[in-house]
Amino acid sequence: MTRNIVVTGGGTGIGRATAARFAAAGESVTILGRRADVLAEAAAQLGATAVVCDVSDPEALTAALPQLPAQVDVLVNNAGGNTDLRRVADGTLTDVAAAWRANLDANLLSAVLTTTLLTDRLRTGGTVVGIGSIAADRGSGGGAYGATKAALSTWNIDLAGQLGPRGITANVVSCGYIAETEFFADRLTDERRATLVEQTKTGRAGTPDDVAALIEYLASPGARHITAQVININGGAFPSR
Ligand code: NDP
C-alpha cells in the first residue's frame, strides 16, 4: 500500500531530504512551505505535491486543507527556524516580544496547528514526527528558540497519549548540528562550525539524510512501540546519560 506522507518545510534541508527518502521508496509525498518557487522546484525534482502555506497561520492552514491528502500515514512537523535575538537582554521589550512570538509560531504553533488540522485524517499505523533541537537541552543563546523546541517535546507527550489508542505514534527527533541547510546559512562563523563538529564524537556534522533515515525508521513497522520519545541525533554532542 502506498502511504501518504506530509512534510512541512519540505522544500529545503532536512524536510527535503525526508521527502526525498519517502518519495524514493514509492510513497506519495506532499510538501508544505511559504516560498512557492522553492517548493515547486523541490516538488518537481522529487515527484511530490507542493502546497504553499504558512503552517503557523491557522487561516492559511484551513484554506490549504482541500489540497492535503484525505488520509495521512506520516506527518513530519519539520518547519521551524531560529529568530532569537543574540542575547537574552538584547533589544527593546517590543523586539523581545516579537522574537519570542516568531519562535513560538515557527517551532511550536506550526506543529500544533498542522497536527490538529490533520488529526482526523491520521491513519492507524501512522506516525507524527516533530523536529526538535539540541538547543532544548543546552539553550540557544537568545533563549526563545531552545525554549520553544523544549515545549515541542513536552507537547509531544500529550500528543502521543491522545494518538496512542488509535495506533498512531508521536516522537520528536532532536537534532544537533546538521550542515548543508539554510538554517545556519549566514549564522555560523567557520570557527563556530569547527567547534560544533569538535563537540561530536563522530567528528563530523550531521547531514539532512542522517535525520531523514531516522524518520524513515520511526515510520516503519519495526518502530511501533516507540512513542512519546525525544530521540537525539547529534553525533554524541549531547549524551543523555
Ligand atoms: P531550513 O531553513 O532549510 O528548513 C526550514 C524549512 O521550514 C524551510 O523549508 C522553510 O521554508 C520552512 N518553514 C519555516 N517556517 C515555515 C512556516 N511558518 N510555514 C511553512 N514552512 C515554514 O533548515 P533545516 O532543514 O536545518 O531545518 C529544519 C528543522 O530542523 C527546523 O525545525 C529546525 O529548527 C530544525 N533543526 C535544524 C538544525 C540544524 O543544524 N540545521 C539543528 C536542530 C534543529 P519557507 O521559508 O519557504 O517557508
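For the structure, check the block above.
Only a predicted model underlies this, so the values are computations on that prediction, with no experimental measurement involved. Residues take numbers from 1 onward in each chain, read along the sequence in its written order. Per-residue local features are limited, in this predicted model, to residues with pLDDT of at least 70; the limit for side-chain atom pairs, both in listing and counting, is 80 or more; totals at the level of whole chains, interfaces and linings are taken over all residues.

So, about the overall build of the chain. Numbering goes from the N terminus for both helices and strands, where a helix is a DSSP run of H or I of at least four residues and a strand is a run of E of at least two. Tallying secondary structure elements over the chain gives 8 helices and 7 strands in all. In this setup the radius of gyration rests on C-alpha atoms only. A globule is expected at 2.2 Å times the number of residues raised to 0.38. Its C-alpha atoms give the chain a radius of gyration of 17 Å, within 12% of the compact-globule value 18 Å for 241 residues. Overall, the chain is about 50 × 40 × 35 Å in size when its C-alpha atoms are taken along their principal axes. By residue count, 46% of the 241 residues in the chain fall in the buried class. Intrachain contacts of the chain at a sequence separation of at least 6 include 72% that bridge at least 24 residues. Exposed residues have 12 or fewer other C-beta atoms within 10 Å of their own C-beta, buried residues have 20 or more, and partly exposed residues fall in between, where C-beta atoms are placed from the backbone. By definition, residues are in contact whenever their C-beta atoms, placed on the basis of the backbone, come within 7 Å of each other.

Here, nearness means that the C-beta atom of a residue, built from backbone geometry, sits within 6 Å of the molecule or strand in question. Surveying the vicinity of the ligand reveals 30 residues, the closest of which are G9, G13, R34, G80 and F183. The greatest single-element share of the shell around the ligand, amounting to 3 residues, is contributed by helix α1 (residues 13–24). Polar here means any residue other than Ala, Val, Leu, Ile, Met, Phe, Trp, Tyr, Cys and Pro, which are nonpolar, and Asp, Glu, Lys and Arg, which are charged; Gly is therefore polar. Class assignment of the residues belonging to the shell around the ligand gives a composition of 12 nonpolar, 14 polar and 4 charged.

Positive phi, close to 65 degrees, is recorded for E180, a residue that is not glycine. Secondary-structure assignment places E180 in the loop between β6 (169–175) and α7 (190–198). E180 gets classed as partly exposed once you count the C-beta atoms within 10 Å, which come to 16. Of note in the backbone geometry, A228 takes a positive phi value of approximately 65 degrees without being a glycine. Mapping A228 onto the fold places it in the loop between α8 (208–218) and β7 (230–233).

With that settled, consider the nonpolar core. Counting residues in each nonpolar core, the largest one holds 62 residues, and the members touching the most others are A19, V29, I31, A48, V211 and I215. Top contributing element to this core by residue count: helix α6 (residues 144–163), with 7 residues. Excluding its chain neighbours within four sequence positions, the residues that come into contact with V29 are I5, V7, A19, F22, A23, L46 and A48. Note on terminology: a nonpolar core is any set of buried Ala, Val, Leu, Ile, Met, Phe, Trp, Tyr and Cys residues joined through C-beta atoms within 7 Å.

Secondary-structure assignment places D120 in the loop between α4 (93–118) and β5 (122–133). With 8 C-beta atoms counted inside 10 Å, the residue D120 sits in the exposed group. When the C-alpha atoms of D120 and Q67 are compared, they prove to be 15 Å apart, with 53 residues separating the residues in sequence.

Moving on, we get to the sheet that holds strand β1 (residues 4–8). Two strands pair under a simple rule: DSSP has to find at least two bridges between them. Pairing in this open sheet of 7 strands is parallel, and the strands run β3-β2-β1-β4-β5-β6-β7 from one edge to the other. Each edge of the sheet is formed by a strand with only one pairing partner; in this case those strands are β3 (49–52) and β7. Within this sheet the neighbouring strands show an average axis-to-axis angle of 20 degrees, counted without direction. With 4 bridges connecting them, β6 and β7 associate as parallel partners. For helices, the fitted axis covers only the stretch in contact; all axes are lines through C-alpha atoms, and the angles between them, taken along N-to-C directions, range from 0 to 180 degrees.

In this section: α6. Every α-helix carries 3.6 residues per turn, so stepping three or four residues along brings you back to the same face. Multiplying 1.5 Å by the helix residue count minus one yields the expected span of that helix. Here α6 is 20 residues long and its end C-alpha atoms lie 28 Å apart, about the 28 Å a rise of 1.5 Å per residue gives. Taken together, the buried positions of α6 are occupied by A144, Y145, G146, A147, T148, K149, A150, L152, N156, L159 and L163. For α6, the secondary structure elements touched by its buried residues are α4, β5, α5 (135–138) and β6.

In terms of residue burial, β5 counts as a mostly covered element, since 9 of its 12 residues are buried. Both strand β4 (residues 72–77) and β5 contribute to a ladder of 5 bridges, which runs parallel. Counted as the bridge partner of N77 is G130 from β5. With strands facing away from the observer, any crossover in which the path from the first strand over the helix to the second runs clockwise is taken as right-handed. Tracing the backbone out of β4, into α4 and back to the parallel element β5 gives a crossover that is right-handed. One ladder, built from 7 bridges, connects β5 with β6; its direction is parallel. Its bridge partner being in β6, G130 is matched across the sheet by V172.

With that settled, the discussion passes to the packing of α1 against α8. Between α1 and α8, the shortest axis-to-axis distance is 8 Å and the interhelical angle comes to 50 degrees. Between α1 and α8, the interaxial angle falls into the category oblique. Once α1 is placed against α8, the crossing between them reads as right-handed. Of α8, the residues touching α1 (which contributes G13, I14, R16, A17, T18 and R21) are P208, D209, V211, A212, A213, I215 and E216. Relative orientations are named as follows: roughly parallel for angles under 35 degrees, roughly antiparallel for angles over 145 degrees, roughly perpendicular for angles from 65 to 115 degrees, and oblique for any other angle. In this scheme the handedness of a crossing depends on how the near helix is turned from the far one: anticlockwise by less than a right angle means left-handed, clockwise means right-handed.

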